[in-house]
Amino acid sequence: MQKLIITAAICGAEVTKAQNPNVPYTVEEIAREAESAYKAGASIIHLHVRRDDGTPTQDKNRFKECIDAIRKLCPDAIIQPSTGGAVGMTDMERLQSTEVEEAELGLKHPEMATLDCGSCNFGGDEVFINTDNTIMNFGKIMIERGVKPEIEVFDKGMIDIALRMHKKGYIQAPMHFDFVLGVQMSATARDLAFMVDSIPYGSTWTVAGIGRNQFPMAALAIVMGGHVRVGFEDNVFIDKGIPADSNGQLVEKVVRIAKELGREIATPAEAREILGLKPLK
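Structure report, in brief. Being a predicted model, the structure only gives us computed values, none of them experimental. (Residues numbered from 1 in each chain as written. Predicted model: local features only at pLDDT ≥ 70, side-chain atom pairs only at ≥ 80, totals over all residues. Heavy atoms only, no water.)

Here's the deal with the environment of Gly248
Working step 1: Note on placement: Gly248 falls in helix H8 (residues 247-260).
Working step 2: Taking the C-alpha atoms as reference points, Gly248 and Ile151, 97 residues apart in sequence, are found 24 Å from one another.
Working step 3: Contacts of Gly248, omitting those with residues within four sequence positions, involve Ser36, Ala37 and Ala40. (Helix = DSSP H or I, 4+ residues; strand = E, 2+ residues; numbered from the N terminus. Contact = heavy atoms within 4.5 Å.)

Laid out in structure tokens, this is it:
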């Protein structure tokens, strides 16, 4: 079985300090939370960025500030910016996060970024729109920029869209999926097994369980041979009713579960090999 890749989704776009005062907004806070997760065992830092007041932004200059600050503390981490953006943003606004260069690592663009393969109901009147044309545009530009997509899927239908986009040449193999369960699709062992059985042989996958689903889904992924995403974006509690002190504390819990179940943790270099990324120079 492959070593376990842990992704830390350190802040998201919507979770707030009112929900947990340790949620990071500023560049310094984001770097602090990335470091806590990295030191605990996370190989991938999944990155949204905020203004200092907590407002989400896709501004490439803010991404550059945050990535530079993270890189000083997490020198070999895989930094995976989000292209989710906010409701109403254009494709190119959302894709600004893939424009950030890391010259000191020889990277003209990020190694990875997210690619959402369908629209999603987030509650109330909030709908996250990803049309076929948007997905094709994102896929084409990511290929041009050499960015490996993490294919974000919130239900089985989004896997089917991703496979269709692959056949059309907009997503390249081997594909890497992130199953986000507990939003539009429920988070049960049956659901996870169904999703895993629906992706092509040779693909890799991780699971992000939302809220109280975070650690049960993590445990299932560990024994099923998949990978795990945790972090404040998805869950702000270390246990029922107990706010987590940091993203690192959430990662530490996954590491403990993995060790109890006999699964070794991947280093960033090992994660790159598993995901088919180029090694750092």
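Considerations on helix H4 (residues 132-145)
Working step 1: Under the 1.5 Å per step criterion, the end-to-end length of H4 is 20 Å for 14 residues, consistent within 8% with the ideal 20 Å.
Working step 2: For H4, the elements touching its buried residues are helix H3 (91-94), strand E6 (112-116), strand E9 (148-153) and helix H5 (156-168).
Working step 3: Gly146 lies just past H4 and shows a positive phi near 70°. (Expected span 1.5 Å × (residues − 1).)

Here we look at the side chain of Gln96
Working step 1: Among the structural elements, Gln96 can be located in the loop between H3 and E6.
Working step 2: Within the structure, the side chain of Gln96 is placed 3.4 Å from the backbone oxygen of Gln58, a separation counted as a polar contact. (Polar contact = N/O pair within 3.5 Å; in protein donor to acceptor, adjacent residues only side chain to side chain.)

Notes on the packing of helix H6 (residues 189-197) against helix H7 (residues 214-224)
Working step 1: Two numbers describe how H6 lies on H7: the axes approach to 11 Å, and their chain directions differ by 45°. Here H7 runs oblique to H6, going by the angle between their axes. Seen from above, H6 lies across H7 with right-handed handedness. Residue-level inspection shows Ala189, Leu192, Ala193 and Val196 of H6 in contact with H7, the latter providing Met217, Leu220, Ala221 and Met224. (Axes fitted to C-alpha atoms, helices over the stretch in contact; angles between N-to-C directions. Parallel < 35°, antiparallel > 145°, perpendicular 65-115°, else oblique. Left-handed = near helix turned anticlockwise from the far one by under 90°.)

Observations regarding the environment of Tyr38
Working step 1: With respect to the helices, strands and loops of the structure, Tyr38 is situated in helix H1 (residues 27-40).
Working step 2: Considering only alpha carbons, one finds Tyr38 and Ile257, 219 residues apart in sequence, at a separation of 17 Å.
Working step 3: Setting aside anything within four residues of it in sequence, one finds Tyr38 in contact with Leu73, Cys74, Pro75, Asp76, Ala77 and Pro268.

Side note on the layout of surface pockets
Working step 1: Here the largest pocket is characterised by a volume of approximately 840 Å³.
Working step 2: If you trace the largest pocket, you find 34 residues lining it, with Ala13, Glu14, Phe122, Glu233 and Asp234 closest to the centre.
Working step 3: Elements with a contribution of two residues or more to the lining of the largest pocket: E6 and strand E8 (126-128).
Working step 4: Grouping the constituent residues of the lining of the largest pocket by class yields 15 nonpolar, 11 polar and eight charged. (1 Å grid on protein atoms, 1.4 Å probe; cavity = no way out; pocket = protein on both sides within 12 Å on 5 of 7 lines; lining within 4 Å. Points joined across faces, edges and corners; volume = space filled by probe spheres on them. Nonpolar A, V, L, I, M, F, W, Y, C, P; charged D, E, K, R; others polar.)

Points about empty space enclosed by the protein
Working step 1: The tally for this structure, following the rule as stated, stands at two cavities of 30 Å³ or more.
Working step 2: Counted as a void, the largest cavity has a volume near 50 Å³.
Working step 3: Forming the boundary of the largest cavity are Ala13, His48, Val49, Pro56, Thr57, Gln58, Phe63, Gly85, Ala86 and Met89.
Working step 4: By residue class, the composition of the lining of the largest cavity is six nonpolar, four polar and no charged.
Working step 5: What lines the second largest cavity is simply Ile67, Arg71, Ile79, Pro81, Glu102, Leu107, Pro110 and Glu111.
Working step 6: Every element with two or more residues in the lining of the second largest cavity is listed here: helix H2 (60-73) and strand E5 (78-81).

With respect to the packing of H7 against H8
Working step 1: In the contact formed by H7 and H8, the axes pass within 10 Å of each other and the chain directions differ by 40°. Relative to H8, H7 is oriented oblique. In this structure, the crossing between H7 and H8 has a hand that is right-handed. Seen from H7, the contacting residues are Gln214, Phe215, Ala218, Ala219 and Ile222; seen from H8, they are Leu250, Lys253, Val254, Ile257 and Ala258.
Working step 2: Class assignment for the residues of the contact of H7 with H8 results in eight nonpolar, one polar and one charged.

No statement about biological role is implied by the geometric values presented.
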